[in-house]
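Summary of the model geometry
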Amino acid sequence: NEHIDTLKSIYIMGQLFYRQGKYDEALSLHKEALAGRRKTLGNQHPDTVQSMNDLALVLRYQGKNDEARPLREEALATSRETLGSRHPYTLVYTSLLAMLLDEQSLYDEARPLYEEALNIRRETLGNQHPSTLSSIAHFAVFLRQQGLYDEA
């Protein structure tokens, strides 16, 4: 199960089960894919980072945010290191970690990540780009939930 094509197939099956709401099956396959990708491709390969993120997603849907968080943090740290803070993938991982922290009521940790993703997207993509608009919407909802209506 260490050939890259086999690992990709395992990953795709995990995605399929996730989309079908079969989280236990998805979890098992995503764990297998991540372990295989770590061993075969290394921790810094984009496919490995994607597996970290997708395993975290399945864990989140199972209510296991405490297990998802280290994976999201590792995905973000690795993406920053390998692709840079302004890369679109890094910004996705930044936003996803912000949302996870928000869900855990860790607002002081979530806010700077929301702001970072939004500010970089504004600088690099402009205010009208769909990714920027998505960041604006997520940050506005976050602020509104905090009762910070003037900032939202």
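Scope of this entry: the structure provided in the associated data block. These figures come from a predicted structure and were not determined experimentally.

Remarks on the packing of aromatic side chains
This structure, assessed with the given rule, holds seven aromatic pairs. Taken together, a centroid distance of 4.9 Å and an interplanar angle of 40° make the contact between tyrosine 114 and phenylalanine 142 tilted. In this pair, tyrosine 114 is assigned in helix H6 (residues 107-125) and phenylalanine 142 in helix H7 (residues 130-145), connecting sequence segments 28 residues apart. For the pair formed by tyrosine 114 and phenylalanine 142, the shared burial category is buried. Where phenylalanine 139 meets phenylalanine 142, the ring centres are 6.1 Å apart and the plane angle is 15°; that geometry is what we call stacked. Residue phenylalanine 139 and its partner phenylalanine 142 are both found in helix H7; the two are separated by three residues, about one turn of the helix. Side by side, phenylalanine 139 and phenylalanine 142 carry an identical accessibility label, which is buried. Three or more aromatic residues joined by ring pairs make a cluster, and in this case those are Tyr107, Tyr114, Phe139 and Phe142. Its guanidinium or amino end placed over the ring of tyrosine 11, arginine 37 lies 4.6 Å from that ring's centre, counting from NZ or CZ.

A look at the pattern of salt bridges
All chains considered together, the criterion is met by nine salt bridges. Glutamate 74 is the partner of arginine 38 in a salt bridge, and the nearest nitrogen-oxygen pair spans 2.8 Å. Of this pair, arginine 38 sits in helix H2 (residues 23-41) while glutamate 74 is found in helix H4 (residues 65-83), placing the two residues 36 residues apart along the sequence. Taking the relative accessible area as the measure of exposure, arginine 38 reaches 26% and is therefore partly exposed. A salt bridge links arginine 86 to glutamate 123, with the shortest nitrogen-to-oxygen separation between them at 2.9 Å. Remark: glutamate 123 occurs in helix H6 and arginine 86 occurs in the loop between H4 and helix H5 (88-103); sequence separation between them is 37 residues. Beyond isolated ion pairs, a larger network of salt bridges with shared partners links Arg69, Glu73 and Glu109.

Focus: the packing of helix H3 (residues 46-61) against H5
Two elements in contact, H3 and H5, have axes whose closest approach is 12 Å; the angle formed by their N-to-C orientations is 25°. Comparing the axis directions of H3 and H5 gives the class roughly parallel. In terms of crossing hand, the pair formed by H3 and H5 is left-handed. Here Val49, Gln50, Asn53 and Arg60 of H3 lie close against H5, whose contacting residues are Tyr93, Leu96, Leu100 and Glu103. For the contact of H3 with H5, the class distribution of residues is four nonpolar, two polar and two charged.

Notes on unusual backbone geometry
One non-glycine residue, serine 105, lies in positive phi territory at about 60°. Relative to the elements of secondary structure, serine 105 occurs in the loop between H5 and H6.

What to know about H5
The terminal C-alpha atoms of H5 lie 23 Å apart, and with 16 residues this matches the ideal 22 Å at 1.5 Å per residue to within 8%. Regarding H5, the residues found buried are Thr90, Leu91, Tyr93, Thr94, Ser95, Leu97, Ala98, Leu100, Leu101 and Asp102. In the stretch just after H5, serine 105 is the one whose phi turns positive, near 60°.

What to know about the packing of H6 against H7
Each pair of packed helices gets described by two things: the angle between the helix axes and the distance between those axes. Direction vectors running N to C along H6 and H7 enclose 155°, while the axes themselves pass 9 Å from each other. Accordingly, the angle class assigned to the pair H6 and H7 is roughly antiparallel. Where H6 crosses over H7, the handedness of that crossing is left-handed. Seen from H6, the contacting residues are Tyr107, Ala110, Arg111, Tyr114, Glu115, Ala117, Leu118, Arg121, Arg122 and Leu125; seen from H7, they are Ser131, Thr132, Ser135, Ile136, His138, Phe139, Phe142 and Leu143. Looking at the contact of H6 with H7 residue by residue, the class counts come to ten nonpolar, four polar and four charged.

The rules behind each value
Residues numbered from 1 in each chain as written. Predicted model: local features only at pLDDT ≥ 70, side-chain atom pairs only at ≥ 80, totals over all residues. Heavy atoms only, no water. Phe/Tyr/Trp six-rings, centres within 6.5 Å; stacked < 30°, edge-to-face > 60°. Helix = DSSP H or I, 4+ residues; strand = E, 2+ residues; numbered from the N terminus. Buried < 20%, exposed > 50% of the residue type's maximum accessible area, 1.4 Å probe, protein only. Lys NZ or Arg CZ within 6 Å of the ring centre and 35° of its normal. Salt bridge = Lys/Arg side-chain N within 4 Å of Asp/Glu carboxyl O. Axes fitted to C-alpha atoms, helices over the stretch in contact; angles between N-to-C directions. Parallel < 35°, antiparallel > 145°, perpendicular 65-115°, else oblique. Left-handed = near helix turned anticlockwise from the far one by under 90°. Contact = heavy atoms within 4.5 Å. Nonpolar A, V, L, I, M, F, W, Y, C, P; charged D, E, K, R; others polar. Expected span 1.5 Å × (residues − 1).

By themselves, these are just geometric observations and shouldn't be taken as functional.
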